[in-house]
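Given next are the chains, with one letter for each unit.
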Amino acid sequence: MTSATPITGHLFGLVVLDMAGTTVADGGLVEQAFSAAAQRLGVRPGSDEHARQLAYVRATMGESKISVFRHLFGAEDQAQHANLAFEEAYGERVADGLVAPVPGAREAVERLTSEGRTVVLTTGFARTTQDAILTALGWQDLVPLTLCPADAGGRGRPYPDMVLAAFLRTGAVADVRRTVVAGDTSYDMLSGVRSGAGIVAGVLTGAHEKDQLTRHGATHVLGSVAELPDLIARAET
C-alpha cells in the first residue's frame, strides 16, 4: 500500500471504519460461527456453558477473536483450535453469500474518498476472513488500506493499535485528533478514545445500543454509517 499525501484542506482527513456491524451486515454470523467453533471443542449448544460463553462473545463484540477464545478456553492450543474453527465457519457462511453492505455504507465510503479523505477498514477477524468478506462484497479496491489485529502487532480492540497503525501507515493526517473512528461496539469506542481520535462515532446497525456506545466514549451516535459524511462535514464548519 502506498502512503497518502497528508491532507491540509480538511480538519478530519483520516476515517477508520469497522467492518461487521458498521459497514457490513452479517445477520448474526458471528454468533453462528462461534456456536460451531464451541461445539467442535465439546460445548453443547443449549447448555449452560454455551449460554455463558455466548453472553461473553456478545459483550466483547469488536474484540480480536483470538483474544476472546483465549479468555473462554484458557489453554493456547484450545484457543487457537477454536479460533480456526470460528474463522472456517464464518468463512463458509461468507462464501454462501450471507454478508451484504450496510445500506449506504459503500456510498458513504465513496463520498468520503471523493472529498479527499483517506478511509481505512478494520476488523477483529483474521486476515483470511477479512479478505473473504471484501471479496464477497467486491470491495477489494474500495479503500487503500485494510487492517486486522495481526497488521497492528497482534492486538485488536479495545487497544488503539489498529487506529494508530492506520494513522502511521497512511500518513493522511499530521495529528491523530484529525482522525474519525466509527464502529458498532463498545470496544470500537474504547479503541477510538484511546487512540486520541477527534470524532468517535457509534452506529446502531450492529451489536451494541446507544447507552453502551455512549458509556464507552462515543462522541456521537448515528443511525448508521451512511450518516457519517454529513456528521464530519458539520464538524468542519
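Thresholds, definitions, all that
Residues numbered from 1 in each chain as written. Predicted model: local features only at pLDDT ≥ 70, side-chain atom pairs only at ≥ 80, totals over all residues. Heavy atoms only, no water. Helix = DSSP H or I, 4+ residues; strand = E, 2+ residues; numbered from the N terminus. Rg over C-alpha atoms; globule rule 2.2 N^0.38 Å. Buried < 20%, exposed > 50% of the residue type's maximum accessible area, 1.4 Å probe, protein only. Areas by Shrake-Rupley, 256 points an atom, 1.4 Å probe, with all protein chains shown as cover. Lys, Arg positive; Asp, Glu negative; His and termini not counted. Charge placed at Lys NZ, Arg CZ, Asp CG, Glu CD. Salt bridge = Lys/Arg side-chain N within 4 Å of Asp/Glu carboxyl O. Axes fitted to C-alpha atoms, helices over the stretch in contact; angles between N-to-C directions. Parallel < 35°, antiparallel > 145°, perpendicular 65-115°, else oblique. Left-handed = near helix turned anticlockwise from the far one by under 90°. Contact = heavy atoms within 4.5 Å. Nonpolar A, V, L, I, M, F, W, Y, C, P; charged D, E, K, R; others polar. Pairing = 2+ DSSP bridges. pLDDT = per-residue confidence, 0-100. 1 Å grid on protein atoms, 1.4 Å probe; cavity = no way out; pocket = protein on both sides within 12 Å on 5 of 7 lines; lining within 4 Å. Points joined across faces, edges and corners; volume = space filled by probe spheres on them. Core = buried A, V, L, I, M, F, W, Y, C linked by side-chain atoms within 4.5 Å.

J.: Explanation requested: the overall build of the protein in the structure shown.
T.: On a plain count of helices and strands, the protein comes out with 10 helices and eight strands. For a compact globule of 237 residues, the expected C-alpha radius of gyration is about 18 Å, and the protein comes in at 17 Å, within 12% of that figure. Overall, the protein is about 55 × 35 × 30 Å in size when its C-alpha atoms are taken along their principal axes. Counting the 237 residues in the protein, one finds 52% classified as buried. As presented, the protein carries roughly 10100 Å² of accessible surface, and 52% of it is formed by carbon and sulfur atoms. Put simply, the protein has 20 plus and 27 minus side-chain charges, and the middle of one group is 4 Å from the middle of the other.

J.: I'm lost on the pattern of salt bridges in this one. Help?
T.: Proximity of charged atoms lets side chains of opposite charge pair with each other. Applying the stated criterion across every chain, the model contains 14 salt bridges. The partner of D230 in a salt bridge is R111, and the shortest N-O contact between them spans 2.7 Å. Pair noted here: D230 is in helix α10 (residues 228-235) and R111 is in helix α5 (residues 105-114), with a separation of 119 residues, a long-range link. R127 is the partner of D151 in a salt bridge, and the nearest nitrogen-oxygen pair spans 2.7 Å. In this pair, D151 sits in the loop between β5 (145-147) and α7 (161-170) while R127 sits in helix α6 (residues 127-137), placing the two residues 24 residues apart along the sequence.

J.: Would you take a moment to explain the packing of helix α1 (residues 29-40) against helix α3 (residues 65-73) for this structure?
T.: The geometry of a pair of packed helices is captured by two quantities: the angle between their axes and the separation between those axes. Close contact between α1 and α3 brings their axes to 13 Å; oriented N to C, the two are set at 45 degrees. Regarding the angle of α1 to α3, the classification is oblique. Remark: the crossing between α1 and α3 carries right-handed chirality. Across the interface between the two elements, V30, F34, A37 and A38 from α1 touch K65, F69, L72 and F73 from α3. The residue makeup of the contact of α1 with α3, split by class, is seven nonpolar, no polar and one charged.

J.: How should I be thinking about the sheet that holds strand β4 (residues 118-122) in this particular structure?
T.: If you walk across this open sheet you meet the six strands as β5-β4-β1-β6-β7-β8, and the pairing is parallel. Each of the sheet's edge strands pairs with one partner strand only, and the pair in question is β5 and β8 (220-222). With strand direction ignored, the average angle separating the axes of adjacent strands in the sheet is 25 degrees. Taken strand by strand, α6 contacts β4 and β5, and its axis lies near 135 degrees from that of β5.

J.: Would you mind going over the confidence of the model for the protein with me for this structure?
T.: Interpreting fine coordinate detail is not advised for predicted regions of low pLDDT. Looking at the protein, the pLDDT average stands at 88 and 96% of residues meet or exceed 70. Every residue in residues 1-8 scores below 50 in pLDDT, and together they form 18 contacts with partners more than four places removed in sequence or on other chains.

J.: Looking at this model, I keep getting lost on empty space enclosed by the protein. Mind explaining?
T.: Over the atoms, a rolling probe the size of a water molecule traces out where space has been left empty. The final tally for this structure, using the stated rule, is one cavity of 30 Å³ or more. If you add up the space inside the largest cavity, you get close to 60 Å³. Along the walls of the largest cavity sit V16, L17, D18, T122, R157, M162, V163, V181, A182, D188 and S191, which together make up its complete lining. Listing elements by their share of the lining of the largest cavity, those giving two or more residues are β1 (14-18), α7, β6 (179-183) and α8 (186-195).

J.: For this particular structure, what's the right way to read the nonpolar core?
T.: Across soluble globular proteins, you tend to see nonpolar side chains buried next to one another. One finds L17, F86, Y90 and L228 to be the most contacted residues of the largest nonpolar core, which totals 52 residues. With seven residues, helix α4 (residues 76-95) is the largest single contributor of residues to this core. Among residues more than four places away in sequence, those in contact with L17 are T23, V109, V119, V120, L121, T122, A182, V225 and L228. One finds V163, F167, V181 and A218 within the second-largest nonpolar core, a separate group that totals 20 residues.

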